[in-house]
Amino acid sequence: SLTIGIVGLPNVGKSTLFNALTKNDVLAANYPFATIEPNVGVVGLPDPRLDKLAEIHSSQKIVPAAVSFVDIAGLVRGASKGQGRGNAFLANIREAAAICQVVRAFSDPNVVHVDGKVSPRDDIETINTELILADLQTLEKAVPRLQKEAKLRKERAAVAAAATAAAELLNGGTTLYAGAKDAGIEVELLRELTLLTTKPFLYVFNVDEAELGDPAFLDELRALVAPAEAIFLDAKVESELIDLPEDEARELLESIGQPEPGLHQLIRVGFRTLGLQTYLTAGPKEARAWTIPIGATAPEAAGVIHSDFQRGFIKAEIVAYDDLVAAGSMSAAKAAGKVRMEGKDYVMKDGDVVEFRFNV
Ligand code: GDP
């Protein structure tokens, strides 16, 4: 499954955040999680729509979509040259589908910063530099080989040219995720090289509680990483929230002016960054969210439940979540003409509530 790799310099709050993430059952006892390996956490995608669907259908249980995070330690300054854990982290990052950097913005003088000062801009650059250097090493080996191949096989010329252009961009200090498009580089051509900086990035700024209420400060941080998405949270508060009963957790959130835990935002933004969305099913047994790539068709969506559903697909009975809730029940939605029959070319929308018709 698709995984989000969490990276960051030492002492920025990665472990605090990751531990809170994998205990993520605050405000939502319904969101189960499982830990496969110590550094991998599978967490439920918070989705209040499932609670509502379960209510409408008297469902016995709720099954949210899952998002996996992997805590990748060892990415420090000089890592690409073998410092720290050396290149061990590279394999971990290569396997991740997106990269989430935790950036320290909190100022606690009791927590040592590896570079002696708190500077989100410098920390982001340090991590980017290591990833860029790792990609440049890959390209240094690949480009001469690709150029040889291009002489023998015409179709390899485009790959060789893309690799050369990528090296040029990286040498200028820009990641492929941030700059490939503007430089006219087709990253699809580079897929075989599994370059690290082609992966989508997102950023978690670990801020002080007081900073959460300072929009101007948050905007400054956001500007450092745009157009990548930024999430702001206080990892210490997040780890406290986890251990509080629901009503107290809600009170704490209110006291710091937050509508929901930062972790929920992180999970949602992470999910979206992976290019994923959900559709919903509901019945007496369960209300459930199913994960599909953005752009998936109805038969592809059916295939996520069971391959037989895709093979024998006839049509999908679909109602938009908002229409169903407005109507109050499936039969009322039908009576109001809100339930559509869609065929095999239908492109799924997030929040479609679906029942598939298929031949067995
Ligand atoms: P890691 O090395 O990035 O995994 O960082 P840790 O999660 O181990 O955190 C390093 C230290 O910073 C620990 O003492 C944490 O308690 C502390 N810490 C983490 N997040 C915060 C925060 O948001 N505010 C403050 N003041 N301290 C934090």
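Sequence order as written defines the numbering, with residues in each chain counted from 1. The predicted origin of the model limits local features to residues at a pLDDT of at least 70 and limits the giving and counting of side-chain atom pairs to 80 or more, whereas totals for whole chains, interfaces and linings rest on all residues.

- The name given to the protein in an unreviewed UniProt entry is Ribosome-binding ATPase YchF, with the source organism recorded as Virgisporangium ochraceum.
- In its Sequence similarities (unreviewed entry) section, the UniProt record describing the protein reads: "Belongs to the TRAFAC class OBG-HflX-like GTPase superfamily. OBG GTPase family. YchF/OLA1 subfamily."
- Recorded in UniProt for the protein, the comment headed Function (unreviewed entry) runs: "ATPase that binds to both the 70S ribosome and the 50S ribosomal subunit in a nucleotide-independent manner." UniProt positions are given in the numbering used here, feature names are shortened, and annotations may be inferred rather than shown by experiment.

Looking at the UniProt feature "domain: TGS" (unreviewed entry) in the protein
Alright, step 1. Per the UniProt entry, the sites bearing "domain: TGS" (unreviewed entry) are residues 275–358 in this numbering.
Alright, step 2. Elements are defined by DSSP. Helices are runs of H or I of four residues or more, strands are runs of E of two residues or more, and each kind is numbered from the N terminus. Split by type, residues 275–358 is 31% helix and 39% strand. Its first and last C-alpha atoms lie 27 Å apart.

Observations regarding the site of the ligand
Alright, step 1. A residue counts as near a molecule or strand when its C-beta atom, positioned from the backbone, falls within 6 Å of it. Around the ligand, the surrounding shell holds 15 residues, and the nearest of these are Gly 13, Lys 14, Ser 15, Thr 16 and Asp 108.
Alright, step 2. Considering only residue class, the shell around the ligand consists of 5 nonpolar, 6 polar and 4 charged. When residues are sorted by character, Ala, Val, Leu, Ile, Met, Phe, Trp, Tyr, Cys and Pro go into the nonpolar class, Asp, Glu, Lys and Arg into the charged class, and all the rest, Gly among them, into the polar class.

Some details on the UniProt feature "binding site: ATP" (unreviewed entry) in the protein
Alright, step 1. Sequence positions flagged by UniProt for "binding site: ATP" (unreviewed entry) are, in local numbering, Asn 11, Val 12, Gly 13, Lys 14, Ser 15 and Thr 16.
Alright, step 2. Positionally, Ser 15 belongs in helix H1 (residues 14–21).
Alright, step 3. Each residue is classed by its C-beta neighbour count within 10 Å, where at least 20 other C-beta atoms makes it buried, 12 or fewer makes it exposed, and intermediate counts make it partly exposed; the C-beta atoms are placed from backbone geometry. Taking the number of C-beta atoms within 10 Å as the measure of exposure, Thr 16 has 16 and is therefore partly exposed.
Alright, step 4. Here contacts are defined at the residue level, using C-beta atoms placed from the backbone and a cut-off of 7 Å between them. Those residues within four positions of Thr 16 in sequence are excluded, and the remaining contacts are Ala 235, Lys 236 and Ser 239.

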